[in-house]
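# Report on the structure
Each chain, letter by letter, is given below.
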Number of protein chains: 4
Amino acid sequence: MSDLHFPRFDEDKLHEECGVFGILGHKDAAALTALGLHALQHRGQEAAGIVSYDGALFHAEKQMGLVGDHYTDPAALARLPGAMAVGHVRYSTTGEMALRNVQPLFAELEVGGIAIAHNGNFTNGLTLRKTLIAGGAICQSTSDSEVVLHLIARSQHRSSSDRFVDAIAQLEGGYAILALTRTKLIAARDPTGIRPLVMGELDGRPIFCSETCALDIIGAKYIRDVENGEVVICELEPDGSISTHSIRAATCAPERLCLFEYVYFARPDSIVGGRNVYSVRKNMGANLAEEAPCTGDVVVPVPDGGTPAAIGYAQASGIPFELGIIRNHYVGRTFIEPTQQIRAFGVKLKHSANRSAIRDKRVILVDDSIVRGTTSVKIVRMLREAGAREVHMRIASPMIAYPDFYGIDTPETDKLLANRYSTLPSMCDYIGADSLEFLSLDGLYRAVCGQPRDSANPQFTDHYFTGDYPTPLCDRTNIDNVHKLSVLRSSR
Amino acid sequence: MSDLHFPRFDEDKLHEECGVFGILGHKDAAALTALGLHALQHRGQEAAGIVSYDGALFHAEKQMGLVGDHYTDPAALARLPGAMAVGHVRYSTTGEMALRNVQPLFAELEVGGIAIAHNGNFTNGLTLRKTLIAGGAICQSTSDSEVVLHLIARSQHRSSSDRFVDAIAQLEGGYAILALTRTKLIAARDPTGIRPLVMGELDGRPIFCSETCALDIIGAKYIRDVENGEVVICELEPDGSISTHSIRAATCAPERLCLFEYVYFARPDSIVGGRNVYSVRKNMGANLAEEAPCTGDVVVPVPDGGTPAAIGYAQASGIPFELGIIRNHYVGRTFIEPTQQIRAFGVKLKHSANRSAIRDKRVILVDDSIVRGTTSVKIVRMLREAGAREVHMRIASPMIAYPDFYGIDTPETDKLLANRYSTLPSMCDYIGADSLEFLSLDGLYRAVCGQPRDSANPQFTDHYFTGDYPTPLCDRTNIDNVHKLSVLRSSR
Amino acid sequence: MSDLHFPRFDEDKLHEECGVFGILGHKDAAALTALGLHALQHRGQEAAGIVSYDGALFHAEKQMGLVGDHYTDPAALARLPGAMAVGHVRYSTTGEMALRNVQPLFAELEVGGIAIAHNGNFTNGLTLRKTLIAGGAICQSTSDSEVVLHLIARSQHRSSSDRFVDAIAQLEGGYAILALTRTKLIAARDPTGIRPLVMGELDGRPIFCSETCALDIIGAKYIRDVENGEVVICELEPDGSISTHSIRAATCAPERLCLFEYVYFARPDSIVGGRNVYSVRKNMGANLAEEAPCTGDVVVPVPDGGTPAAIGYAQASGIPFELGIIRNHYVGRTFIEPTQQIRAFGVKLKHSANRSAIRDKRVILVDDSIVRGTTSVKIVRMLREAGAREVHMRIASPMIAYPDFYGIDTPETDKLLANRYSTLPSMCDYIGADSLEFLSLDGLYRAVCGQPRDSANPQFTDHYFTGDYPTPLCDRTNIDNVHKLSVLRSSR
Amino acid sequence: MSDLHFPRFDEDKLHEECGVFGILGHKDAAALTALGLHALQHRGQEAAGIVSYDGALFHAEKQMGLVGDHYTDPAALARLPGAMAVGHVRYSTTGEMALRNVQPLFAELEVGGIAIAHNGNFTNGLTLRKTLIAGGAICQSTSDSEVVLHLIARSQHRSSSDRFVDAIAQLEGGYAILALTRTKLIAARDPTGIRPLVMGELDGRPIFCSETCALDIIGAKYIRDVENGEVVICELEPDGSISTHSIRAATCAPERLCLFEYVYFARPDSIVGGRNVYSVRKNMGANLAEEAPCTGDVVVPVPDGGTPAAIGYAQASGIPFELGIIRNHYVGRTFIEPTQQIRAFGVKLKHSANRSAIRDKRVILVDDSIVRGTTSVKIVRMLREAGAREVHMRIASPMIAYPDFYGIDTPETDKLLANRYSTLPSMCDYIGADSLEFLSLDGLYRAVCGQPRDSANPQFTDHYFTGDYPTPLCDRTNIDNVHKLSVLRSSR
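Residues numbered from 1 in each chain as written. Chains lettered and ligands numbered in written order. Predicted model: local features only at pLDDT ≥ 70, side-chain atom pairs only at ≥ 80, totals over all residues. Heavy atoms only, no water.

## So, the overall build of chain A
The line we're drawing: Secondary structure elements are taken from DSSP: a helix is a run of H or I of four residues or more, a strand is a run of E of two residues or more, and numbering for both begins at the N terminus. Note on exposure labels: buried denotes an accessible area under 20% of the residue type's maximum, exposed denotes more than 50%, and partly exposed covers the range between, all computed with a 1.4 Å probe on protein chains only. It only takes one pair of heavy atoms within 4.5 Å for two residues to be counted as in contact. Accessible surface area values rest on a Shrake-Rupley calculation with a 1.4 Å probe, where residue burial reflects the displayed protein chains alone.
The helix and strand tally for chain A stands at 18 helices and 26 strands. In chain A, which comprises 492 residues, the proportion classed as buried is 64%. Counting contacts in chain A only where the partners sit at least 6 residues apart, residues at least 24 apart contribute 68% of the total. A total of about 15,800 Å² of accessible surface is found on chain A, and carbon and sulfur atoms cover 49% of it.

## Points about helix α15 (residues 424-431) of chain D
Residue and element names in this part refer to chain D. Inclusion rule: Along the arc lie the directions from the helix axis toward the C-beta atoms.
Regarding α15, the residues found buried are M427, C428 and I431. Down the axis of α15, the smallest arc covering the buried residues is 100°, so these residues share one side. Pointing more than 90 degrees away from the buried face of α15 are the exposed residues P425 and D429. Turning to α15, the residues buried within the fold contact α13 (374-385), β22 (390-395), α14 (417-420) and β24 (435-438). Of the residues flanking the end of α15, it is G432, one or two places downstream, whose phi is positive at about 90°.

## Topic: the sheet that holds strand β18 (residues 298-301) of chain A
All names here are of chain A. To be explicit about the condition: Any two strands between which DSSP finds at least two bridges are classified as paired. Throughout, an axis means a line fitted to C-alpha atoms (over the contacting stretch in the case of helices), and angles, computed between N-to-C directions, take values from 0 to 180 degrees.
Taken in spatial order, the 4 strands line up as β18-β21-β22-β24 in an open sheet, and their pairing is parallel. Every interior strand has two partners, whereas the edge strands, β18 and β24 (435-438), have only one. Going across the sheet, the axis of each strand differs from the next one's by a mean of 25°, ignoring polarity. Looking at chain direction, strand β21 (residues 362-367) and strand β22 (residues 390-395) are connected through 6 bridges and run parallel. Paired with V366 across the strands is R394, a residue of β22.

## Topic: the interface of chain D and chain A
Formally: Put simply, buried area is how much 1.4 Å-probe accessible surface two parts lose in total, over both of them, once they are put together. We count a salt bridge whenever a side-chain nitrogen from Lys or Arg sits within 4 Å of a carboxyl oxygen from Asp or Glu. Within 3.5 Å is the distance limit for a polar contact, defined as a pair of N or O atoms, with the added protein rule that one can donate a hydrogen and the other accept it, and that residues adjacent in sequence qualify only through two side-chain atoms. Classes in brief: Ala, Val, Leu, Ile, Met, Phe, Trp, Tyr, Cys and Pro nonpolar; Asp, Glu, Lys and Arg charged; the others, Gly included, polar.
Taken together, the contact pairs 61 residues of chain D with 61 residues of chain A. Taken as a group, H38, T72 and Y330 of chain D account for 13% of the area that chain D buries against chain A, more than any other trio of residues on that side. Applying the counting criterion to the chain D and chain A interface returns 4 salt bridges. Across the salt bridge formed by D216 of chain A and R355 of chain D, the nearest N and O atoms sit 2.9 Å from each other. Between chain D and chain A we count 28 residue pairs in polar contact (both at pLDDT 80 or more) in total. Per-element accounting of the side of chain D that touches chain A gives the leading share, 5 residues, to helix α1 (residues 29-39) of chain D. Classifying every residue of the side of chain D that touches chain A gives 26 nonpolar, 21 polar and 14 charged.

## A word on the relation of the copies chain D and chain A
Heads up, the condition is: Least squares is used to superpose the copies, and the fit set is the C-alpha atoms of residues whose pLDDT is at least 70 in both copies.
Mapping chain D onto chain A leaves a residual RMSD of 0.0 Å; the transformation is a rotation of 180° accompanied by 0.0 Å of translation along its axis. Given the turn and translation reported, the copies of this chain are related as if by a two-fold rotation axis. Looking at the rotation axis and the C-alpha trace of chain D, the residue lying nearest is H329 of chain D, at 3.7 Å. Residue by residue, 100% of the interface of chain D is reproduced at the interface of chain A, so both copies engage with the same surface.

## Overview of the interface of chain C and chain B
In this complex, chain C contributes 61 residues to the contact, which on the side of chain B involves 61 residues. The junction of chain C with chain B conceals about 5,000 Å² of combined surface from both sides, 59% of it contributed by carbon and sulfur atoms. Summed over the shared surface of chain C and chain B, the number is 28 residue pairs in polar contact (both at pLDDT 80 or more). In terms of residue count, the dominant contributor to the side of chain C that touches chain B is helix α1 (residues 29-39) of chain C (5 residues).

## A word on the nonpolar core
Applied cut-off: Buried residues of nine kinds, namely Ala, Val, Leu, Ile, Met, Phe, Trp, Tyr and Cys, make up a nonpolar core once their side-chain atoms join them within 4.5 Å.
Membership of the largest hydrophobic core comes to 121 residues, with the highest contact counts inside it found for F260 of chain A together with F260, L365 and L383 of chain D. Those residues in contact with F260 of chain D that sit more than four places away from it in its chain are L14, F265, S369, I400, I408, Y464 and F465 of chain D. Grouped together as the second largest cluster of nonpolar side chains are 97 residues, A292, C294 and A396 of chain B together with L439 of chain C included.

## Structural notes on the relation of the copies chain C and chain B
Overlay of chain C on chain B (RMSD 0.0 Å): rotation 180°, translation along the axis 0.0 Å. With an isologous cut-off of 70% or more, the 100% of interface residues of chain C that recur at the interface of chain B puts this contact in the isologous class.

## Examining the domain arrangement of chain A
Residues and elements named next belong to chain A. In plain terms, the rule: The domain boundaries here were taken from an automatic or database domain assignment.
Taken domain by domain, chain A holds domain 1 (15-256) and domain 2 (276-459). Using only C-alpha atoms to locate each centre, domain 1 and domain 2 end up separated by 34 Å. Taken together, the contact between domain 1 and domain 2 spans 16 residues of the former and 9 residues of the latter. Its largest share of buried area at the contact with domain 2, domain 1 owes to H15, R195 and R256, together 39% of the area lost on that side. Inspection of the region where domain 1 meets domain 2 yields 0 salt bridges. Taken together, the connections running from domain 1 to domain 2 amount to 3 residue pairs in polar contact (both at pLDDT 80 or more). Taken together, the elements giving at least two residues each to the side of domain 1 that touches domain 2 come down to β1 (15-16), β7 (112-122) and β8 (173-180).

## Concerning the UniProt feature "active site" (unreviewed entry) in chain A
All names here are of chain A. The following threshold applies: UniProt positions are given in the numbering used here, feature names are shortened, and annotations may be inferred rather than shown by experiment.
Taking the UniProt record as the reference, the feature "active site" (unreviewed entry) is found at C18. Inspection of the secondary structure puts C18 in strand β2 (residues 18-24). Discounting chain neighbours no more than four positions away, the residues touching C18 are R43, H88, V89, R90, H118 and N119.

## A word on the pattern of salt bridges
This structure, assessed with the given rule, holds 82 salt bridges over all chains. Notably, a salt bridge pairs R43 of chain B with E211 of chain B, separated by 2.6 Å at the nearest N-O pair. Of this pair, R43 of chain B sits in the loop between α1 (29-39) and β3 (47-53) while E211 of chain B sits in the loop between β11 (205-209) and α7 (213-216); the two residues are 168 residues apart in sequence, bridging distant segments of the chain. By the burial criterion, R43 of chain B is buried, and E211 of chain B matches it. Here R256 of chain C and D468 of chain C are joined by a salt bridge, their closest N and O atoms 3.2 Å apart.

## Some remarks on the pairing of strand β5 (residues 84-90) of chain A
All names here are of chain A. For β5, the buried fraction is high: 7 of the 7 residues fall into the buried class. The alternating pattern of β5 places M84, V86, H88 and R90 on one face and A85, G87 and V89 on the opposite face, and all of these are buried. Where β2 and β5 come together, 7 bridges link them in antiparallel fashion. The residue of β5 that forms the bridge with G22 is V86. Taken together, the 7 bridges between strand β3 (residues 47-53) and β5 define a ladder with antiparallel strand orientation. Counted as the bridge partner of A48 is V89 from β5.

Pasting the structure below:
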């Protein structure tokens, strides 16, 4: 139903698909999971789900909408009893959005139930699905994640954790997966470490989640990142204690975390790969001020994404930081399909020019990234109409030119600004700015880790900038071999 | 959610689980299916679903509530394009009611999608489920029907219809199943013919449905009953013509249709097993007048179930038929959990005494059946309070004493009136009537087919009266062998 | 919103606008009012409202939909505390349906609040409204009933009951009005006694309601009818006792109750004007059998309206009564605007022919009344298609030829069957029946009161048959004088 | 219903009641009004309403929730045809929240309909209401605004604009009112000019609205402020042109605009009283830095209210501005009544500490105002837990110590921080900060207008700081004389 769709005003941003959270052995498991998911809401606003286990039965709540719309309701939490839970927030990349695709997914195994919450994407998902269907598996959802469930269900191993490890081994791509069985909370991160996953602790009980901000909200302690290619298995023992062990594939390549977590996805207060995101973004702004200096009167961020970089730019350049653009936080849900009358007002529904702060000023406009450039055009025009004398656009990351296959929603590549215009001047012309500059790839690397890119062994995943994919792209290579679905379109 | 639950005012009735409808090769497939399901609404009021196929994609609509609440909406029908459709109305026997259990169910097979709509119950369903889970199948719903899907998906046969036949052969119990593939509409009826299934035709296009009233509403022609143990496969050929062929197991036992279709389930205007239900019920009333005559002033039905039998009783006895009880048709949906204040008014929410028609009268009160007797107690009391001089209760079927395992929702057997009181006088005393009589089993058989029960080869399924189950009860016999589910309780 | 509208499948019937219920001094006031309204639901299915007073505050609940959809919910009743309540069920005659028009209406007076529930229509309502607006009154609703509130508010009298009597004296037309003040329940019936209103008692506490069936459901005792032109004032004294007194205009004309209450509106088990409605309708059928005998095999009612008359016809003629038409009770709410595909199936959504009961039979089809005849056409055609050899239509009331102005929703008069065709044969031809006969006006009068119509002083209101209006028609006469509203169309 | 309530996470803020918008003679009137209200959403998030007039009928849409949730839906706008419209966003100060209180309110006058949208509060509202009820007026809502309607309806003047002026003359307090008649858009501002109201123009068509940001969003031009005590009447002439004239009471006192518009209410990009709000707030921060300097490492705002002042403080002091607190924008609607488990997490649902930016730092924490201080306590504690070495709180306005009666929702005065603690050190101790300072009243005045407070003729309304009320407080003075309402509590 259309009223279940969320605004896509950030349509000119890349989008993360999901966030995950799990906790084992805590009496407030579901409430803590709800809070954790609330802190991860920026990773997916379309739907949220929680599965708990109370020692006898698994319980699931899945709802379209924000965590805070449903899961803090006492009645909702009462339907999620038990001391262990996993949860998931979702941003849908596909045209189809339906409750049956909302995670966590669940399967009844011979040895008991298992629930799965998954962030990321498998580059061999469709290939695996084809084999599974040929083997008699029934796929109920269009979600890639269901493939994991089938691999677990079909594993010849006896214990649920052995089955999980067996299944994980068949996956390629970028992922962070949490699994909940009757006694265990299991966490797995892809061999390349593309998607983030951290481990924390509250009252001595283990927690896994996508970002540290989900630990902070509940006062939990950050322990460490789950390593690339690692599977961590926490088990609730009969005596109430927790045992933990870790399995790691011998042949694991070095970690290459996704750079876009730093550029845009992660919350500024999170610690990702051991680095504070806000500080990294300020570095990006500072490096940008160095690489692409500009004579201007004010540094103005495109809020909220560009704000930390703008602060960094302002501090490095000594030019004052000003709120030249005001963001309207009351963007409703049904703005997604406004009338043509309304649509024409475009970006103003979300952003307005703070006329007095920019009139007759030379504005240095800082944003975190440019995808298609459509929003940038409107913002530059809005600033000019509000009286800005000059608008110099500075982007705190390189040009995006290649699609992602690891869980980021990228538009068709020929719609990317970098592919529509071959030169910086032509891009600048399209944007309508007086000048346009991007942070260099090395500038970005240095902002994150203090070193330029090691082209032999790049420290991070950066294919959207470089085309250098860190894993094989099985489905893409064998596109004709992939099972064509007579997909069930469903109202639910 | 509580507002999704439907009134259980007929809680003192047995309930059918479902009704099915399917049509192949007609441009108005979904609209006709909606109308057919509307005519079958008495077989299940809790939820309804339709799956259509448009030559490229399958489309599904599933909704809690009445067919007429949703499926006549142009937007809903527009979401169900294509010239072939199957539909289902559902009455839930289980405590759990969730959209994911609403049929038709769908699976993506190697050879294309298949949708299944199912009325009835498998007596070996849990046993099959155990084997399937051991083989790595993932069961998403708690519906028995999902087992059929898995058997089809795992069949080694190539074509969907061969797979279907293969799957059906493994089922025991009572069922009528419709399947929709990309080119075929397939209908199957259980070997004993417990559940009804008829074949009809509109504009030369085949239709299968639970009762003939679903043919009448769309002006379709009744062709014949699907026979017990028969699988009928209709295929839409590339030239638009329909080819039909039938497969029947060699070893099929004689048909034994469920007697309760005549007693209560089927609509009075339906033709079931070649007999008009209304006429059979009038016969039941007439036979009852003969077996259990009564000196009285008026014959009063418990509406609407007892009305045809009361007309039969009145015509046979020459005692006037009168509407001594008025039924309130405006029983809302949330009456299910009324306050105690309201609950105390009990049966009056649905029935009221027509004082003038019964005051100072000797009332012969006719009902179709008695399950627990709780409603009968209230109705007899209501009539007495309204001034009836005598109340003689006459039941147009035998005592119900045994549970059903073929798709009828029966209360725990120790709650059945026949098991709570060992003698007719003690039952009569409980009901509060001046006299109480049941139609004999032979009387019922004669009303239906003109012959008494052939105890060697009973013509019908009658275990609720006799304990004579027409099939093995695999799950019940091997109860310890059955997989214990750590069932996922879900809000959706 | 369209989904709040109810089916108009009885669009070929006349419709009553409303039902009212009030009780004073009973601890379960709101629950009893909810039950009473449930019993009166046939008088209005579109919306229901209850106002209670708890000694300090008035409380209101107003909901679109059926009483049983909302008011039996413990939460809803908990919002209606106090020992006194009035309630209202509504059928809207106007195109606009909005919550703000749902009754009871409420006003804050100088002497305290007052709530009004009203059934009927004022023939000088628009004229009064014009005067009120000229005097500075603000009309919030389009409801005629608001006029009463304003007259009360503007009365120069001090006490709320004196104000009420003062207001009532200015009204013309047909009405039954209940008012609730902080200590009183007041009931008033129009001088001609067109609309019905009865008084009952439960546990010594007074009740007023439209029909006795609302007393029966709660086990209350019928006391008497409120007389035409009478105002009954019941007051809850500080000691908890009830004092009652009655005021009656000296110049009151004889009562002329609306005949259509007997023909169609009232529930068959109600006592209206001292006569059981079911018995009256059977008389109508018997008289019809006498006036318009017919050679036939079966007497078949158009359910449910025609059923009592058909039983009367069958008993008088000795021809068997048969359920030749089965009514589908599961007519959903959104059938109101079905697709054209669905609409074409028309009457079959609600009625189906019981083929076996009518095939090759000469059917005597009995209905209570004919308005436009459009449904009759479809039913006759349906019976013929189902195999009826002959269809003889017998209508248990005279032809309807004139509009109503007292609270009955009548179509435009040129759409009435009696005005579209000038002769009985041409009507019969349109209906498609083999013969068509109406009960005579005298036959109807005799069925009701045993006497033919006294043309000098007709015993009942019968203008829809005769054009003889029992009151002046002020608004209609002064149509140009009436205030033209720039009506506020509102989504709520 | 609880789901209609909005989060009160800003419960430690003062709240404005409403925002208004109106436009005359523009073909996109309703769409432009929806956009304007969207820009004014910060003035009221609970409900929104629009009334349009299409030359024949008035049309109303009123909805709980955000503007963007409803009014950009093409269907909603289609229900608001016509070239003139007024709209309203509402924040409810009363316990009762019901649709019937949502504005604009409407009345049918003798000379045609009129719709009213109102921001503010009448200090003689209850007194006027008492007189109106004594005069026979019916009050349907509990809204103060209804009083205006009644005064208009009862005015002896003929034209709607004369009636409006007549009504306005009887009001005391602070208000901005828009009225829409069949040909006119009328705007009025209270004699003291407490509430803001500006006039703009688009395509030559007049617009009135609460703040200039509502002009900016639609690209309209700011003309001037409506003056205190002025009534501006714009009329759409038959030839399509607009005539405008203004009426101003001769005895008008000097304007005293509400200071809190600058402190917190108005959007930073608005021009209020000719001054850019963002600049004023930066001035407040700069003055604060001067008045209450502090040795610190970082200046951290409490977002979003404290951000402009923090920027001003940072620029004035040379101490770096840092985002030490991250705001979670995904605060759902039902967080209002969270479980106790959840509630305990309190402020973290909305704010989280950006650990890396503040660890081991001396933090200068800047907020716009303190009401009860409860949120400040939690934020200071959160910063300390996150590692801040010192927390120095700086408030960019004086202490709030007195209630408001002009449309601002103030808590009971004994709950105000300034009244609970008598000395700054004791307040600081309660807050838990290392130091606490407030901007002086003169410091605030200077930030706004460059001058200290003129105590003889204060330039602004500032009673919440000073107790100096700019108007008589009629209702408050005559509290015993005020009509006690037996208020109708209603679900709608």
